[in-house]
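A closer look at the structure
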Amino acid sequence: MSDPNYNLAVIGGGAAGMLAAGHTAEQGASVLLLEKNKILGKKLLITGKGRCNITNAEDDLKTFITTYGKNGKFLYPAMYTFSNKHTVDFFKKLGLITKVERGGRIFPHSDKAKDVVDCLANYVKKNRVTTKFNSPVKKICLAADKHKLQHIEKLILENGEEIRAHNYAITTGGKSYPLTGSTGDGYCWLKQLGHTVIDPKPVLTPIIVKDKITKQLEGLSLKNVELSLWTTRKLASFFGEALFTGNGISGPQGLNLSKIISESHANNLKIKIDFKPALDYPVLDKRILKDFAELNNKLFKNALHKLLPKKLIPVIIFLSGIDENKKVNEVTKAERKKLLSLLKSFELSVKGLVGFEKAVVTSGGVCLKEINPKTMQSKLIDNLYLAGEVLDIDGPTGGYNLQIAWSTGYLIGENFCKTN
Ligand SMILES: Cc1cc2nc3c(=O)[nH]c(=O)nc-3n(C[C@H](O)[C@H](O)[C@H](O)COP(=O)(O)OP(=O)(O)OC[C@H]3O[C@@H](n4cnc5c(N)ncnc54)[C@H](O)[C@@H]3O)c2cc1C
C-alpha cells in the first residue's frame with residue numbers, strides 16, 4: 001500500500017497532468033503522478049507533426065476564448081489565471097524559447113516537441129513530484145460513507161497495488177490516438193462515479209471522400225486555399241493550409257472542417273476547394289488569359305505551371321475535359337469557364353471521417369456543469385479534480401487544444417493549497 005500522505009494523486013502524465021502535478025507541488029503540496037506509459041507526455045511528442053504547437057498568439061484573450069464555441073465561457077477563470085501569454089512565459093522560464101508562425105501558431109524555436117516534454121518532465125521533477133511510470137490505474141474506489149458528498153478512498157493499479165491520497169485529479173485525456181495511452185479510461189470511471197459524460201466523438205480528424213481522384217493527389221500540401229462545406233447552402237469555410245490524403249482531405253483546415261462535418265446531420269455533404277481565393281472569377285479569368293497569351297504556342301498541358309502545383313495539373317486537365325495537346329490559343333471560352341470553375345470550386349463528396357485512431361482531439365467528455373470552473377473541482381465528489389481533454393471542451397487547430405490542458409491543469413495547482 002502506498003504512502004497515504006500524498007495531498008494529491010494525479011492520474012495521467014500528459015499536458016494537463018504535468019501542469020497540475022508540477023504546479024500543485026510548486027505550491028508546497030506532496031504530489032504523486034501516475035502514468036501508464038514508461039514516459040511522460042507520449043502524445044505531446046507527436047503534436048504539431050513532432051513540433052508541438054504549444055499555443056496561439058491571439059492577442060485578445062476574449063477572442064481566444066470565443067474560438068471554443070459555447071462551452072468556452074467555462075474556461076474564463078482558467079484562461080485568465082494562465083493565458084496563452086502565461087504559457088509562453090512559463091516555458092521561457094523553463095528554458096524553452098518559442099517562435100510565432102502563420103496563423104499565430106506558437107512552436108518551440110527548436111521545432112522539437114521533445115524539448116517541450118523535457119521541459120515539463122524537468123518541471124515536475126524539480127518540484128519533487130513523485131512519478132510512477134508503467135502504472136495504469138484500473139479502478140477508482142469511493143469511500144463507503146453514503147451520507148456525505150461522495151469521496152474517493154483509493155485507486156487500484158492494474159498490478160493490484162492500492163494508492164491512497166487525500167485528493168485525486170483525473171487528467172487521462174480523451175480517446176484519440178489511443179496508442180499514446182489516451183484510451184478514454186477517465187470517461188468510464190467518471191460515469192461510474194456519477195458524472196455525466198457527453199458522448200465522446202473523434203474531431204479534428206482526416207475527412208474521407210467518395211472521389212477516387214484524391215489518390216493521385218496524395219501528399220499534396222496546399223497553402224492559402226479556402227475549404228468550404230456545403231449542403232444546398234454553405235455551412236462553413238476555412239482559409240489556410242490543407243493536405244490531400246490517399247482517400248480525402250486533412251491538414252489544418254481539413255481538420256477544422258471535420259469538426260463541422262461531425263456536428264452536421266446532413267447527408268450529401270460536399271467540400272469545395274477554392275485554389276485561388278484571393279482572385280474572384282473575372283480577375284482569375286484575366287490572369288489565365290494573360291498566362292495563355294504569354295504562352296501562346298504552348299500546349300494546354302504545359303500552360304498551367306504558373307497557376308497550379310505540379311501534382312494538381314494532370315488532375316485539373318483530366319477533370320476539365322480539355323484536350324491536353326491543344327494549343328492554349330485554341331482553348332475556347334466555354335473550356336476556360338470549366339477550368340475556372342475547377343480552380344474556384346473543386347468539388348468532393350464527403351463519405352465520412354477517420355475515427356479515433358487518427359483524430360487530433362475528442363469532443364464530448366465530462367459535463368462542465370458538474371465542475372467548478374474556478375478550481376476544476378468536481379461538484380459531485382469532494383476530493384476530485386479534472387483537467388484537460390477529459391472535459392467536454394475542445395478547440396480548433398492552432399494551439400488551442402493544448403492551451404485548454406495547460407490552463408486547466410495549472411488552475412488545479414493554483415487553488416489547491418488555498419482550499420486544502
Ligand atoms: C497527432 C496529434 C497532434 C496534435 N497536435 C496538437 C498541437 O500541435 N497543438 C495543440 O494545441 N493540440 C494538439 N493536439 C491535441 C493535444 O495533444 C491534446 O488536446 C492534449 O494532449 C490533451 O492533453 P491531456 O493532458 O488532457 O491528455 P493527454 O495528452 O492525452 O494525456 C493523458 C495521459 O493520461 C495517461 N493515461 C490515460 N489513462 C491512464 C490510466 N488508466 N492510468 C494512468 N495513466 C493514464 C495517458 O497515457 C496520457 O499520458 C494533437 C493531438 C494529436 C493526437
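Worth saying up front: this structure is predicted, and the values here are computed from it rather than measured.

1. Section: the overall build of the protein chain
When you go through the protein chain residue by residue, the secondary structure sums to 12 helices and 21 strands. For the protein chain, the C-alpha atoms occupy an extent of roughly 85 × 45 × 40 Å along the three principal directions. Here the protein chain, with 420 residues, has 53% of them falling under the buried criterion. Contacts spanning at least 24 positions in sequence make up 72% of the contacts within the protein chain whose residues lie at least 6 apart. When the accessible area of the protein chain is evaluated, it comes to approximately 19,100 Å², of which 53% is carbon and sulfur surface. Placing the 61 positive and 40 negative side-chain charges of the protein chain at their respective mean positions leaves the two points 3 Å apart.

2. Notes on the site of the ligand
Around the ligand, the surrounding shell holds 37 residues, and the nearest of these are Glu35, Ser182, Asp185, Glu389 and Leu402. The separation between a nitrogen atom of the ligand and a polar side-chain atom of Asp185 is 2.7 Å. Within the backbone of Asn401, one N or O atom sits 3.4 Å away from an oxygen atom of the ligand. Against a free-state accessible area of 1,000 Å², the protein chains account for coverage of 95% of the ligand. Mapped onto the shell around the ligand, the elements with two or more residues apiece are helix 1 (15-26), helix 6 (185-192) and helix 12 (400-419). Of the residues that constitute the shell around the ligand, the class distribution is 15 nonpolar, 17 polar and 5 charged.

3. Some remarks on the nonpolar core
By size, the foremost hydrophobic cluster in this structure holds 78 residues, and its most contacted members are Leu44, Phe91, Leu120, Leu155, Leu190, Leu391 and Trp406. No other element matches the 9 residues that helix 12 contributes to this core. With sequence-adjacent residues up to four places away left out, Trp406 is seen in contact with Ala15, Leu19, Leu44, Ile54, Phe82, Thr87, Phe91, Val116 and Leu120. Formed by 42 residues, the second largest nonpolar core is a distinct cluster that contains Leu229, Ala303, Leu308 and Leu312.

4. Things to note about the sheet that holds strand 15 (residues 248-250)
Spatial ordering of the closed barrel is given by 12-15-14-13-16-17, a layout of 6 strands whose pairing is antiparallel. Averaged over neighbouring strand pairs, the angle between their axes works out to 50° when direction is ignored.

5. A look at the packing of helix 1 against helix 5 (residues 113-126)
Interhelical geometry of helix 1 versus helix 5 gives an angle of 35° and a closest axis separation of 8 Å. Where helix 1 crosses over helix 5, the two elements pack in a sense that is left-handed. Listed contacts from helix 5 to Met18, Leu19, Gly22, His23 and Glu26 of helix 1 are Leu120, Ala121, Tyr123 and Val124. For the contact of helix 1 with helix 5, the residue count by class is 6 nonpolar, 2 polar and 1 charged.

6. Digging into the layout of surface pockets
If you add up the space inside the second largest pocket, you get close to 650 Å³. Looking at the second largest pocket, it is lined by 24 residues, and the ones nearest its centre are Lys70, Asn71, Ile198, Asp392 and Asp394. Here the residues of the lining of the second largest pocket are counted per class, giving 8 nonpolar, 7 polar and 9 charged. Counting contributing residues per domain, the lining of the second largest pocket is built from domain 1 (6-202 + 363-419) and domain 2 (206-354), each supplying no fewer than three.

7. Observations concerning the domain arrangement of the protein chain
Each assigned domain of the protein chain is listed with its residue range as follows: domain 1 (6-202 + 363-419) and domain 2 (206-354). Listed as interface residues are 6 residues of domain 1 and, on the opposing side, 8 residues of domain 2. Roughly 650 Å² is buried in total at the junction of domain 1 and domain 2, and carbon and sulfur atoms are behind 41% of that figure. It is Arg102, Pro202 and Thr397 that lose the most area in domain 1 upon contact with domain 2, and together they represent 57% of the buried surface on that side.

8. Looking at unusual backbone geometry
Even without glycine at this site, Asp111 takes up a positive phi of about 65°. Located in the positive-phi region is Asn134, a residue other than glycine, with phi close to 45°.

9. Concerning the packing of aromatic side chains
The relative placement of two aromatic rings is captured by the distance of their centres and the angle of their planes. Per the stated rule, a full pass over the model turns up 13 aromatic pairs. Grouped by ring-pair contacts, the aromatic residues Phe82, Phe90, Phe91, Tyr123, Trp406 and Tyr410 constitute a single cluster. Above the ring of Phe107, the side-chain terminus of Arg51 is found at 3.8 Å from the ring centroid. Above the plane of the ring of Trp230 lies Lys272, whose end atom (NZ or CZ) is 4.0 Å from the centre.

10. Looking at the pairing of strand 16 (residues 270-274)
Across 5 bridges, strand 13 (residues 221-230) lies against strand 16 in antiparallel orientation. By the bridge assignment, Leu227 is partnered in strand 16 with Ile273.

11. Thoughts on the sheet that holds strand 9 (residues 162-163)
Either a parallel or an antiparallel arrangement is found when strands of a sheet pair, and the pairing is made through backbone hydrogen bonds. Pairing is antiparallel across the open sheet formed by 3 strands, whose spatial order is 7-8-9. Each edge of the sheet is formed by a strand with only one pairing partner; in this case those strands are strand 7 (137-142) and strand 9.

How each quantity is defined
Residues numbered from 1 in each chain as written. Predicted model: local features only at pLDDT ≥ 70, side-chain atom pairs only at ≥ 80, totals over all residues. Heavy atoms only, no water. Helix = DSSP H or I, 4+ residues; strand = E, 2+ residues; numbered from the N terminus. Buried < 20%, exposed > 50% of the residue type's maximum accessible area, 1.4 Å probe, protein only. Contact = heavy atoms within 4.5 Å. Areas by Shrake-Rupley, 256 points an atom, 1.4 Å probe, with all protein chains shown as cover. Lys, Arg positive; Asp, Glu negative; His and termini not counted. Charge placed at Lys NZ, Arg CZ, Asp CG, Glu CD. Near = heavy atom within 4 Å. Polar contact = N/O pair within 3.5 Å; in protein donor to acceptor, adjacent residues only side chain to side chain. Nonpolar A, V, L, I, M, F, W, Y, C, P; charged D, E, K, R; others polar. Core = buried A, V, L, I, M, F, W, Y, C linked by side-chain atoms within 4.5 Å. Pairing = 2+ DSSP bridges. Axes fitted to C-alpha atoms, helices over the stretch in contact; angles between N-to-C directions. Left-handed = near helix turned anticlockwise from the far one by under 90°. 1 Å grid on protein atoms, 1.4 Å probe; cavity = no way out; pocket = protein on both sides within 12 Å on 5 of 7 lines; lining within 4 Å. Points joined across faces, edges and corners; volume = space filled by probe spheres on them. Domains from an automatic or database assignment. Buried area = accessible area lost by both parts, 1.4 Å probe. Phe/Tyr/Trp six-rings, centres within 6.5 Å; stacked < 30°, edge-to-face > 60°. Lys NZ or Arg CZ within 6 Å of the ring centre and 35° of its normal.

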